[in-house]
Amino acid sequence: MLWNKFARVGKALEKIRNRCQKSTYQLNVNVALIFLGCTFDLLNVASMISLIDDLAQKYDISYTTASWSLTSYAVTFAGFIAFMGRLGDIVGNSILFTVSCFFFAILSLLCAVMPNFPAFAVFRAIQGISAAGLVPCAYALIPMLAPEEEVQKYFSIVSCGFSSTIGLGLIIGGAFAATKIGYKGIFYLTFAVMFLISIVAFFFTYGVENLSEPPRKDQATNRVRSLDFIGSLIFVTGSILIVVGLTEGGESWNRPATYVTLVIGIILFFGFFFWNCSYARIVRGIRCCGIDTSRYFEKVQLLIPVDVLFMKNFIPIVLAFALNNACLFSCIYIIDQYSQYEEKNSPLYAGVKLVPLIICMVIGNGLCAFESTKLKPKVGVVLGFSLALAGSIILTQLHLIKEDMFWKIFFSSQALVGFGVAIFYPYALQIAVGGAPDRSKGIASGVAQTFGQLGIEITFSVMASVLGNIDGIRGKSGASQKFRTGFQNCTYFTVAVGALGFLVTLFGLKDTRPPTDDISDVESSIQRTKVEMDQEKSRI
């Protein structure tokens, strides 16, 4: 009796979902959900930058320990995002997006009510895994749902969330820091919004890409079983160790916890690409050892399909994502921290100083959304880096100015970097994600976001290494000069990554054509594996 009631409720919900997904406004609703999901993911991260001090006071821990509220999230996010992107390609990007939104909401609530910091850090790490499922699947859904001629526009709309959230998160975090609720406020807000998003996504997004061709019941299960778990484990472990090593490097590069972790992570990271590119030879070696490879190894879908890894422009564009994020976040870090430590502004006021960056990024994305057909993707990406590089060069004049720093340096630098990043991002997504086959868009987005996250981690570790323990010298004699010298040195890093990104995109990117996708990536991946296996067998 009870089971029949559940079955009737399930059928009723399925009817409502089918009606919602076949409605004329489902595309706009889904784009809004993707926009809000990605926005609140980044809003949650940006707010924590302003809330680290509040977190340290509430849990009675050091500033360094409290910074693990960001690090634990970043470690799992960077480590799992490529794997989750591939998993989304297999089980369905819409399904993983909806589930990730739900768990992100629940984990936000758990973070808000944790009584001690170790438990808080653990749930933040798990929340990072949820975000790793949310972000790549969100970007992968856009070219699947939107008409081809409007993909660029919708990428630009979603990028507006990225643009506005960075500075807005710092402001909201500073505002919560000034209230009694403190850091818990951002988690309660995130829980409410993300829970609502997950409910609406269940009706409008869940399984939406399968409307035209519903998958067989056993199809997803078979695909998950054939996932390259060994390669995924190598990639996830290497990514996590690299992020941990870079984070520890922010405190000291001379400790074994830093260089040993980083070296092992880099070895595993490159080891993954060797595994991925030499898979057929590795399987032949396994078969020569007398192990039956027909049950699993010959059916494996590689984490990054070879046609994606060597897709035209894929390697230079993922490097560009890392360099773009490094340029942007180093600019944000310098302005925000200089305002707090040298100019002695509150976290809220320091965040307000980044409003020009928000406005310029939103305007830039708006221009890309409505004028996207006037620029080729490569031209847009190179133009974005040239503007960001110009803004970075202006920032290097910091040591020459002692008064009215905001109007003389920060404002113009933010305007150029903001416009540059805003122009870069949608065009880069079009190259990396829009140019990938439909069944590989999730992993393409995941790899691009992985490199982007590594760019952020490299930036924070370099900034921390250059500045040293600025908390320890605050209020001491000569502190002001040390602050100015340290931040001046940080600006050279911003120029370096901006210049390198400009050169990589100018000389590394080639003009592209829309991809053909006559067969699914899963089928083509398995076919390529079988062909390679047959070739290897014929040599024996």
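Residues numbered from 1 in each chain as written. Predicted model: local features only at pLDDT ≥ 70, side-chain atom pairs only at ≥ 80, totals over all residues. Heavy atoms only, no water.

1. Side note on the environment of Arg19
Inspection of the secondary structure assignment puts Arg19 in helix α1 (residues 2-21). The sequence separation of Arg19 and Phe203 amounts to 184 residues, and the corresponding C-alpha distance is 8.7 Å. (Helix = DSSP H or I, 4+ residues; strand = E, 2+ residues; numbered from the N terminus.)

2. Observations regarding helix α12 (residues 279-288)
For α12, the set of buried residues is Tyr279, Ala280, Val283, Ile286 and Arg287. For α12, the angular spread of the buried residues around the axis is 120°, confining them to a single face. Turned more than 90 degrees away from the buried face of α12, the exposed residues are Arg281 and Cys288. After α12 finishes, the residue Gly290 shows a positive phi value of roughly 90°. (Buried < 20%, exposed > 50% of the residue type's maximum accessible area, 1.4 Å probe, protein only. Arc of directions from axis to C-beta.)

3. Some details on helix α18 (residues 405-434)
Between the first and last C-alpha of α18 there are 41 Å, a value that for 30 residues agrees with the 44 Å anticipated at 1.5 Å per step. Maximal helix bending in α18 amounts to about 25°, located at Phe411. Most of α18 is tucked away: 23 of the 30 residues are buried. (Expected span 1.5 Å × (residues − 1). Bend = angle between axes of the 7 residues up to and from the residue.)

4. A closer look at the environment of Gly446
Looking at where Gly446 falls in the secondary structure, it is placed in helix α19 (residues 441-467). Using a relative accessible area of 0% as the deciding quantity, one classes Gly446 as buried. Distance from Gly446 to Val135, taken between C-alpha atoms, is 7.9 Å for residues 311 residues apart in sequence. Beyond its immediate chain neighbours, meaning those up to four positions away, Gly446 contacts Ile81, Ala82 and Pro136. (Contact = heavy atoms within 4.5 Å.)

5. Brief notes about the packing of aromatic side chains
For the coordinates displayed, the defined rule picks out 29 aromatic pairs. Geometrically, the ring pair formed by Tyr25 and Phe204 is tilted, given 6.2 Å between the ring centres and 45° between the ring planes. One end of the pair, Tyr25, is in the loop between α1 and α2 (26-59); the other, Phe204, is in helix α8 (residues 184-204), and 179 residues separate them in sequence. With relative accessibility at 12%, the residue Phe204 sits in the buried group. Between Trp407 and Phe411, the aromatic rings sit 5.6 Å apart at their centres with planes inclined by 35°, giving tilted as the arrangement. Taken together, the residues span about one helical turn, with Trp407 and Phe411 both in helix α18 at a distance of 4 residues. Since its relative accessible area comes to 36%, Phe411 is described here as partly exposed. (Phe/Tyr/Trp six-rings, centres within 6.5 Å; stacked < 30°, edge-to-face > 60°.)

6. Structural notes on a nonpolar patch on the surface
Taken together, the side chains of Val99, Phe102, Phe103, Phe195 and Ile199 make up a nonpolar region of the molecular surface, amounting to roughly 400 Å² of accessible area. Secondary structure elements with two or more residues in the nonpolar patch: α5 (93-113) and α8. For the nonpolar patch, the element with the highest residue contribution is α5, accounting for 3 residues. The residue Ile199 is located in helix α8 in this model. For Ile199, a relative accessible area of 39% gives the class partly exposed. (Patch = residues over 30% accessible without salt bridge, like charges linked within 9 Å, V, L, I, M, F, W, Y side chains within 5 Å. Areas by Shrake-Rupley, 256 points an atom, 1.4 Å probe, with all protein chains shown as cover. Salt bridge = Lys/Arg side-chain N within 4 Å of Asp/Glu carboxyl O.)

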